[in-house]
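One letter stands for each residue in the lines below.
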Amino acid sequence: MPPKKRNSAATQNKALKPGAERASPDKKESPDLSAKKHRDKDAEFVTLCKSLQVTDVVCDRAWSLWKTVQESMDGVSKLSLLFEINKNTVEGNASQSNILQDSQKRLWGACLFVTVTDLDVPCFTLSQVLKAVSLNLKQFMALVRKLDVNLDTINTKVDSVMTRLEKKYDVTLALYQRFEKTCKRIFALVADDKEREIMRSCWTMFLLAKGRVLQMEDDLVISFQLLLCTLELFIKRCPPDLLQPLYKSAIGKVQSQPTRTSRRNQSKAKSRPPEPEVEGQLLETLCKENECNAEEVKNVYQTSFSAFLDSLDLSRSPDLPPASDIDQQYEEHYLKSRDIDGRLFFDGDETVLLPKVEVSQVERTPKKHPPDDDAVLIPPQTPIRAAMTSIQQLRGDLISSGDQPSTTLNTYFKNCTVDPTQNMLARLETLEQLFSQRFGQAVGPRCLILGKQRFALGVRLYYKIMEAMLKSEEKRLSVQNFSKLLNDSTFHTSLLACALEVVMATYGESSFKTGGYNHAAGDSVETDVCFPWILHVFNLAAFDFYKVIESFIKADPTLSKDTVKHLETCENLIMERIAWRTDSPLFELLKQEHEGGAAEQVETPASFSQPLQHNHTAADLYLSPVRPGHRVLPPESPDAANSQASTQAPNQPANQTPRQPKSNSLSLFYKKLYRLAYTRMEKLCTYLLSSHPELEPIIWTLFQHTLQHEYELMRDRHLDQLMMSAMYAICKVKSVDLRFKTIVTEYKNMPNTNQETFKHVLITEAHYDSIIVFYNQVFMQKLKTNILQYASPRPPTLSPIPQIPRSPYKFPNSPLRVPGSNNVYISPLKNPRMSPGIMTPRSRMLVSIGESFGRSSRFREINQMVNSSERSFKRTLDLSSAPKPLKRLRFDVDGQDEADGSKSGRDSTLIQKLAEMSSTRSRMQEQKLKEDAEARKE
C-alpha cells in the first residue's frame with residue numbers, strides 16, 4: 001500500500017518473525033469481518049478480504065467498485081479483459097473456468113488496493129496483496145490502470161500513489177541488480193553458503209538505512225551511495241576468507257593503519273565514531289569499481305550513514321550486525337510503510353521480478369553492425385551507470401568554476417554604477433539556508449548537509465552561466481556596465497534556481513513523474529523535489545523563471561541532451577499551466593497590455609506565419625518592457641542593458657496620450673505559447689479528425705481567440721483543457737460526431753499528459769470537476785456567441801497557422817518520429833559508423849533510407865515489425881480510425897454529452913506511410929543542406 005509518512009503513521013503491532021506470514025500493520029483497525037454483514041457478496045471475495053484483514057467499510061466499498069466495473073463492461077469485454085489478465089501468468093493447460101476464477105480474484109485484489117489507497121486506511125501491504133492474487137508488481141499496476149473505465153474509478157490521489165510506488169520499485173530493482181553484481185566481485189563462494197547469509201543481512205540493513213535516512217526513498221543516487229556505505233561496513237567486518245583478493249587487500253590495508261598513537265588514545269576513541277580515514281581506502285575501492293564519486297560517498301557516510309549506525313548502536317562495534325535484529329527492525333519499517341517488502345528481491349520472489357515477457361531493454365537493443373564490422377562497443381546503459389555518468393560530467397564541467405566569483409565576474413561587478421557584490425553574496429547566504437532546510441525536509445532529515453552540497457554545485461554553475469551571459473551581452477552591445485541587470489534580485493534568483501534545477505535533475509532528484517502537479521503542496525512535509533519544487537522554495541514566479549531558460553541553455557554548450565530536454569519540459573510546463581496560477585505576474589502584464597493602450601497586441605495573428613526569432617536574451621526579458629527601436633540611453637551610461645523604453649513612439653502627435661511599448665517578455669511568451677498550443681492541438685487532430693482536415697484551422701482559430709481575448713479562462717487551469725474544449729465545441733457546431741470521452745481516451749495516449757488535466761478541472765473557486773462539467777458550465781457559457789458564429793454563413797476570419805521552426809533546444813542530428821507512429825523514426829543520412837543505433841531509443845528499430853542494411857534479414861525484421869498484429873504500441877499505423885473510447889465516462893451520464901455514435905475514418909495504407917517517411921526525410925535533407933550553407937556563411 002502507499003507509503004505513509006513516518007511522522008503520521010499509526011502505531012504498529014509487533015513484527016512477526018522473518019519468513020512468517022505477515023499480519024496487517026494494525027489489527028485494531030482491521031477486525032475480523034462479519035460473515036453476516038457480507039452475505040450479499042461472493043464468498044470467495046469475502047475470503048480474500050479476510051486473508052488481507054480489511055475492515056467492513058473497505059470490504060463494502062471495494063465490492064461496490066467491483067460492481068461498477070462489471071456494469072461498465074459487456075460480456076465480451078469482460079471475458080476479453082479476464083483472459084488478458086492471465087495470458088502471461090497461467091499454465092498452458094489451464095482450464096477456462098480456472099482462468100476466469102483467477103482473473104476475477106485479481107480484479108478483486110485491484111479493487112481492494114484502489115479502495116484502501118483512496119481511504120488511506122492501514123490494512124494490507126502491497127506485497128501482501130501481490131502474493132494473495134499471484135501477480136508481480138508491474139502486472140498488478142497494469143491491471144489497476146485497466147480499471148479506469150470511467151472518470152471516477154481511479155482518482156488523482158490513487159494515480160499519484162501508483163506512480164510513486166512504481167518509481168520506488170524501479171529504483172529498488174536497479175539497486176538490487178547492481179548490489180548482486182557488485183557482491184560477485186566482493187565475496188568469495190564458500191561451501192556452507194556463509195557469504196549468502198552475509199549478503200542477505202547486508203541488503204536488509206541497506207533497506208533499513210534507506211528507510212530511516214530518506215524521506216524520499218525513490219532517490220536513486222543517495223540510495224546507491226548508502227548502499228556503498230553499507231557494503232563498506234560489511235566488508236570491513238567480514239572474515240577475510242570470504243573476500244575476493246581485491247577487497248581482501250583493501251581490508252588488510254585498513255586494518256594495518258592503526259599505530260601506537262591510536263592505541264595510546266584507545267580510551268578516547270571509545271567515545272567517538274571511527275575516524276573517516278579508516279573508511280577511506282575501502283570506500284575509494286568500492287567507488288572506483290562502481291564509477292561513483294568517492295568524495296560524495298564519504299560525505300554521505302559521515303553525515304547520514306554514521307548517524308544511522310549510531311541509532312542502532314553499531315558505530316563502534318567490530319562485529320557484523322546481528323542478522324535477526326536487522327531483519328526485525330526492517331520488518332517493522334516495512335509494515336509501517338505498507339508498500340514493497342524489499343527483501344523479496346534477494347529471495348527472487350516472483351512478485352518483484354519483471355514479467356517473463358519483459359526482456360531487459362539493453363539486451364533487446366539490436367546490434368548496429370554485422371559481427372565482422374569494426375564497431376565501437378557501447379557498454380549497457382543501466383539506470384545507475386547513466387546517473388553516475390551524468391554526475392561525473394556535471395562535476396567535471398564545473399571543476400574550473402570556483403565557489404566565489406571569478407576575476408572576470410568581479411570585473412563586471414566593479415564596472416557597474418552600483419556594485420552588486422554585497423547584495424548578491426547576502427542573497428546567496430539566505431537562499432542556501434532556505435534551500436538546504438527544505439531539501440532536508442523533502443529528502444530526509446539527515447540529508448541537510450547533502451542539500452548544502454547540491455547548493456554549492458548550483459552556485460558554481462550559477463557563476464559559470466552568469467559570466468557566459470555577460471560576455472555574450474558585452475559582445476552584442478559593446479558595453480561593460482550591466483548595473484541594472486546585475487542589481488535585479490529576480491534575475492539572480494531565477495538564474496540560481498535554474499542552476500539548482502539542473503543539478504537536481506542531474507542527480508535524478510527532479511523529474512516530472514506527476515506531470516508537474518505538486519500533490520504534496522498541501523502537506524506539512526513535502527516528499528519530493530520535482531519541478532516546480534524549486535519555485536516554491538525560493539517563492540519565485542514561474543513567469544520570471546521562464547525568462548532565464550533559453551539564455552541559460554545557450555550560455556552553456558556543455559549541457560547534456562537530457563538536461564536540455566529537462567529544461568525544455570520545465571518551460572513547457574510553465575506555459576501550459578504553472579504560469580497561469582492566480583498569483584502569477586503574467587495576469588498583471590496581460591491586464592496592462594489590454595487596458596493600458598499597448599502599442600501592439602500581445603501577439604498579432606498576422607505574425608503567426610513569421611519565424612520565431614530566438615534572439616531575446618535574459619537581459620531583454622528581465623528589463624522588459626523594452627522594445628528594440630524604442631530604446632533611449634540614460635545620459636550617465638552608454639549601457640543598453642540599462643535602457644528604458646521610450647514613452648512615445650516616433651511621429652506620434654504631442655497632444656496624444658503616449659502608448660506604452662509592448663513587453664518583450666510577454667510577447668515572446670505568447671509566441672512560444674501559440675506554437676506549443678498549435679503543436680499539441682495538431683497532434684490530437686491528427687489522431688481524431690484526419691477525415692475532417694477542414695476542421696483543424698477552425699479549431700485553431702477558436703483556440704487562439706480564447707488564449708488572446710479570454711485569457712482569464714486559463715487562470716488556475718491547463719492549456720490542454722481549453723484545447724479539448726475548443727475541439728469539442730467546433731465538432732458540435734459542425735455536426736461532426738466526436739464525443740468527449742473519445743477525445744479524453746486519445747488524449748491519455750499523448751506524451752506528457754496527466755489524468756488530473758481532465759479529471760480535476762477548476763469550475764468555480766475551490767470547486768473542481770471533470771472537463772465536461774467545465775465545458776458545459778464555464779467554457780461554453782463564456783464563448784457561446786463566438787462558437788455559434790462558426791455555424792453561420794459568415795464565420796469569423798481564420799487565424800493563420802503558426803510556423804513551427806526547429807526548436808533552439810533540439811539537436812539537429814536527433815531522429816524524429818514519423819507523425820502518428822510510435823515505432824518508426826527517421827534521421828538525415830549520416831556517417832554509417834554513427835547510425836542507426838546511438839541516437840535512437842534502445843527499444844525501437846531505426847530504418848535508415850539510403851544506407852546499406854548489410855543483411856537481407858534486416859528487411860525481414862522490418863516487414864515483420866510492420867505486419868505484426870501484436871505490437872504493443874499505443875496506436876496502429878491507421879491514423880484515421882477513431883480510438884476505442886472508454887466504455888463509460890462519468891461526464892457522459894445524464895445526457896450531459898449530447899453527441900452520440902462514432903465517426904468513421906479512412907484506412908491509411910503502408911504506401912501512404914512510406915510516402916510520408918520519404919517526404920519527411922526529403923524535407924529534413926533540404927533543411928540540413930540549408931543549415932550547413934548558413935553555417936558556412938557565418
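These numbers were taken from a predicted model, which means no experiment stands behind them.

Colleague: Mind showing me how you'd approach the overall build of the protein chain here?
Modeller: Across its full length, the protein chain carries 36 helices and six strands. Classification of the 938 residues of the protein chain by burial places 52% in the buried group. By sequence separation, contacts in the protein chain at least 24 residues apart represent 76% of the contacts at least 6 residues apart. Carbon and sulfur atoms make up 50% of the accessible area of the protein chain, which amounts to about 43300 Å² in all.

Colleague: Honestly, the side chain of H38 in this entry has me stumped. Any pointers?
Modeller: Along the chain, H38 falls in the segment before helix 1 (43-51). A distance of 3.0 Å separates a polar atom in the side chain of H38 from a polar atom in the side chain of K41. Apart from the residues lying within four places of it in its own chain, the contact partners of H38 are L33, V46, D56, C59 and D60.

Colleague: It is not clear to me how the environment of R196 should be interpreted in this structure. Could you clarify?
Modeller: Following the sequence through the fold, R196 ends up in helix 8 (residues 194-213). Spatially, the C-alpha atom of R196 lies 9.6 Å from that of C183, the residues being 13 residues apart in sequence.

Colleague: Got a minute to help me understand the nonpolar core in this structure?
Modeller: One broad trend across soluble globular proteins is that nonpolar side chains are buried collectively. Core analysis: the biggest nonpolar cluster contains 236 residues, and F538 and F552 have the highest contact counts within it. Broken down by element, the residue count for this core peaks at 14 residues, all from helix 29 (residues 664-688).

Colleague: Looking at this structure, I do not really get helix 26 (residues 561-576). What am I missing?
Modeller: Taking 1.5 Å per residue, 16 residues should reach 22 Å; helix 26 reaches 22 Å between its end C-alpha atoms and fits that length. Among the 16 residues of helix 26, twelve are classified as buried, and the element is accordingly described as predominantly covered. Turning to helix 26, its buried residues are T563, V564, H566, L567, E568, T569, C570, E571, L573, I574, M575 and E576. Here the buried face of helix 26 lies against helix 23 (489-506), helix 25 (542-555), helix 29 and helix 31 (719-733).

Colleague: What am I meant to see in the side chain of R680 here?
Modeller: Mapped onto the elements, R680 comes out in helix 29. Under the relative-accessibility criterion, R680 is labelled buried at 9%. Sequence-distant contacts of R680, that is, excluding residues within four places in its chain, are made with E576, D720, M723, Y747, M750, P751, N752 and T753.

Colleague: Explain the packing of helix 5 (residues 126-133) against helix 6 (residues 137-146) here, please?
Modeller: When two helices pack together, you describe them by how their axes are tilted relative to each other and by the distance separating the axes. Interaxial distance between helix 5 and helix 6 falls to 10 Å at its minimum, and their mutual angle equals 90°. Between helix 5 and helix 6, the interaxial angle falls into the category roughly perpendicular. Where helix 5 abuts helix 6, its residues L126, V129, L130 and V133 lie against L137, F140 and M141. A class-by-class count of the residues in the contact of helix 5 with helix 6 yields seven nonpolar, no polar and no charged.

Colleague: Which parts of the structure should I look at to understand the state of the cysteines?
Modeller: Structurally, a disulfide amounts to a covalent bond that connects the sulfur atoms of two cysteines. In total, this model carries zero disulfides according to the counting rule given. Looking at the unpaired C123, the closest cysteine sulfur is the one in C49, lying at 9.5 Å. Its relative accessible area of 0% is what places C123 among the buried residues. The cysteine C183 is free of any disulfide, with C202 supplying the nearest cysteine sulfur at 5.9 Å.

Colleague: Help me understand helix 15 (residues 323-337) in this model?
Modeller: Side chains of residues three or four places apart in an α-helix project in the same direction, reflecting 3.6 residues per turn. Between its first and last C-alpha atoms helix 15 spans 21 Å; for 15 residues at 1.5 Å apiece the expected length is 21 Å, and the two agree. Inspection of helix 15 places I326, D327, Y330, E331, H333, Y334, L335 and S337 among the buried residues, and these make up the whole buried set. The inward-facing, buried residues of helix 15 abut helix 5, helix 8 and helix 16 (343-347). One or two residues past the end of helix 15 sits R338, with phi positive at roughly 60°.

Colleague: Explain the pairing of strand 3 (residues 761-764) here, please?
Modeller: One face of the sheet, then the other: side chains in a regular strand alternate in exactly this way. Sheet topology places strand 3 next to strand 4 (residues 767-769); three bridges connect them, and they run antiparallel. When the sheet's bridge partners are listed, L762 is paired in strand 4 with Y768. Linkage of strand 3 to strand 4, two consecutive antiparallel strands, is achieved through a turn of two residues, within which A766 is found at a positive phi near 65°.

Colleague: Would you mind showing me how to read the pattern of salt bridges here?
Modeller: Note on pairing: side chains with opposite charge can pair once their charged atoms come close. As enumerated under the stated definition, the model contains 32 salt bridges in all. Between D120 and R338 there is a salt bridge whose closest N-O contact spans 3.5 Å. Here R338 lies in the loop between helix 15 and helix 16 and D120 lies in the loop between helix 4 (96-119) and helix 5, a separation of 218 residues in the sequence. For R338, a relative accessible area of 2% translates into the label buried. For R476, the salt bridge is made with E473, and the minimal N-O distance between the two is 3.1 Å. Linking R476 with E473, this pair stays in helix 21 (residues 448-477), spanning three residues, or about one helical turn. Salt bridges here are not isolated pairs; linked through shared partners, they connect K168, K210, E217 and D339.

Colleague: I keep staring at the environment of L567 and nothing clicks. Help me out?
Modeller: Structurally, L567 can be placed in helix 26. By relative accessible area, L567 is classed as buried at 0%. Measuring from C-alpha to C-alpha, the distance between L567 and A505 comes to 9.2 Å, with 62 residues separating the pair along the chain. The contacts of L567, once residues within four sequence positions are left out, are C498, V502, I549, F552 and I553.

Colleague: In this structure, what is going on with the packing of aromatic side chains? I would like to understand it.
Modeller: Note on aromatic pairs: each is described by the distance of the centres and the angle between the planes. Evaluation of the coordinates by the stated rule reveals 37 aromatic pairs. With a centroid separation of 5.9 Å and an interplanar angle of 35°, the aromatic rings of Y169 and F345 are classed as tilted. Here Y169, found in helix 7 (residues 156-186), pairs with F345, found in helix 16; they are 176 residues apart in sequence, far enough to count as distant. The residues Y169 and F345 share a single accessibility class, namely buried. Here Y775 and F779 contribute two aromatic rings whose centre-to-centre distance is 6.0 Å and whose plane-to-plane angle is 25°, an arrangement assigned as stacked. Of this pair, Y775 and F779 are both found in helix 34 (residues 771-789), four residues apart, which corresponds to roughly one turn of the helix. Among the residues examined, Y775 registers a relative accessible area of 4% and is labelled buried.

Colleague: Got a minute to help me understand the packing of helix 21 against helix 23 in this structure?
Modeller: Relative to each other, helix 21 and helix 23 sit at 125°, their axes nearing to 8 Å. It follows from the interaxial angle that helix 21 and helix 23 lie oblique. Our pair here, helix 21 against helix 23, has a crossing hand that is right-handed. Residues R454, F455, L457, G458, V459, L461, Y462, I465, M466 and M469 of helix 21 form the contact with helix 23, whose participating residues are F491, H492, L495, L496, A499, L500, V502 and V503. Looking at side-chain class alone, the contact of helix 21 with helix 23 contains 15 nonpolar, two polar and one charged residues.

Cut-off values and rules
- Residues numbered from 1 in each chain as written.
- Predicted model: local features only at pLDDT ≥ 70, side-chain atom pairs only at ≥ 80, totals over all residues.
- Heavy atoms only, no water.
- Helix = DSSP H or I, 4+ residues; strand = E, 2+ residues; numbered from the N terminus.
- Buried < 20%, exposed > 50% of the residue type's maximum accessible area, 1.4 Å probe, protein only.
- Contact = heavy atoms within 4.5 Å.
- Areas by Shrake-Rupley, 256 points an atom, 1.4 Å probe, with all protein chains shown as cover.
- Polar contact = N/O pair within 3.5 Å; in protein donor to acceptor, adjacent residues only side chain to side chain.
- Core = buried A, V, L, I, M, F, W, Y, C linked by side-chain atoms within 4.5 Å.
- Expected span 1.5 Å × (residues − 1).
- Axes fitted to C-alpha atoms, helices over the stretch in contact; angles between N-to-C directions.
- Parallel < 35°, antiparallel > 145°, perpendicular 65-115°, else oblique.
- Nonpolar A, V, L, I, M, F, W, Y, C, P; charged D, E, K, R; others polar.
- Disulfide = S-S within 2.5 Å.
- Pairing = 2+ DSSP bridges.
- Salt bridge = Lys/Arg side-chain N within 4 Å of Asp/Glu carboxyl O.
- Phe/Tyr/Trp six-rings, centres within 6.5 Å; stacked < 30°, edge-to-face > 60°.
- Left-handed = near helix turned anticlockwise from the far one by under 90°.

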